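Listed here are the chains, written in short residue letters.
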Amino acid sequence: MYANKPGMTQAMDRKKLMKAIHEVSFAVVEMTLYLDTHPYETEAIRYFNHYNKLKNKLEKEYAASYGPLTIANVDGDNNDRKWKWALEELPWRGGCA
């Protein structure tokens, strides 16, 4: 979705992808809070499901290109001989700068 656009550096791609994850994650959190008080509103449930799937897709895309954002994004089925989670520069430590 955001990777390998012509004329953009990898750092810009990474920043755009991270921005998209933040935006979609905000929608997911807000809908979670709304659904806590409106648990039977089907339109809100559909909205939540759509953005939650999109968030998961974007996080998988980020993890595949730059490393996992959370421990939930760690691919435990890989055959690597290293624990990538500990080796990647994490976004909150400047990994997206």
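Residues numbered from 1 in each chain as written. Predicted model: local features only at pLDDT ≥ 70, side-chain atom pairs only at ≥ 80, totals over all residues. Heavy atoms only, no water.

Peer 1: In this structure, what is going on with the confidence of the model for the chain? I would like to understand it.
Peer 2: Detail in the predicted coordinates should be disregarded across regions flagged by low pLDDT. Of all residues in the chain, 66% attain a pLDDT of 70 or more, and the chain-wide mean is 80. Ranking the elements of the chain by mean pLDDT puts helix α3 (residues 84-87) last with 65 and helix α2 (residues 42-66) first with 93. Here residues 1-8 is a poorly scored stretch, pLDDT under 50, and it has 15 contacts once near neighbours within four places are set aside; other chains count. (pLDDT = per-residue confidence, 0-100. Helix = DSSP H or I, 4+ residues; strand = E, 2+ residues; numbered from the N terminus. Contact = heavy atoms within 4.5 Å.)

Peer 1: Sorry if this is basic, but what is going on with the packing of aromatic side chains here?
Peer 2: The final tally for this structure, using the stated rule, is 2 aromatic pairs. For the ring pair Tyr47 and Tyr51, a centre distance of 4.7 Å and an interplane angle of 45 degrees mean the geometry is tilted. Taken as a pair, Tyr47 and Tyr51 lie in helix α2 at a separation of 4 residues, close to a single helical turn. Take Tyr47: its relative accessible area is 38%, and that puts it in the partly exposed class. Given the relative accessible area of 25%, Tyr51 is considered partly exposed. A centroid spacing of 5.1 Å and a plane angle of 55 degrees characterise the contact between Tyr62 and Tyr66, whose relative ring orientation is tilted. One end of the pair is Tyr62 and the other is Tyr66, both in helix α2 and 4 residues apart, which spans about a single turn. Overall, Tyr62 belongs to the buried group, its relative accessible area being 1%. Residue classification places Tyr66 among the buried residues on the basis of a relative accessible area of 8%. (Phe/Tyr/Trp six-rings, centres within 6.5 Å; stacked < 30°, edge-to-face > 60°. Buried < 20%, exposed > 50% of the residue type's maximum accessible area, 1.4 Å probe, protein only.)

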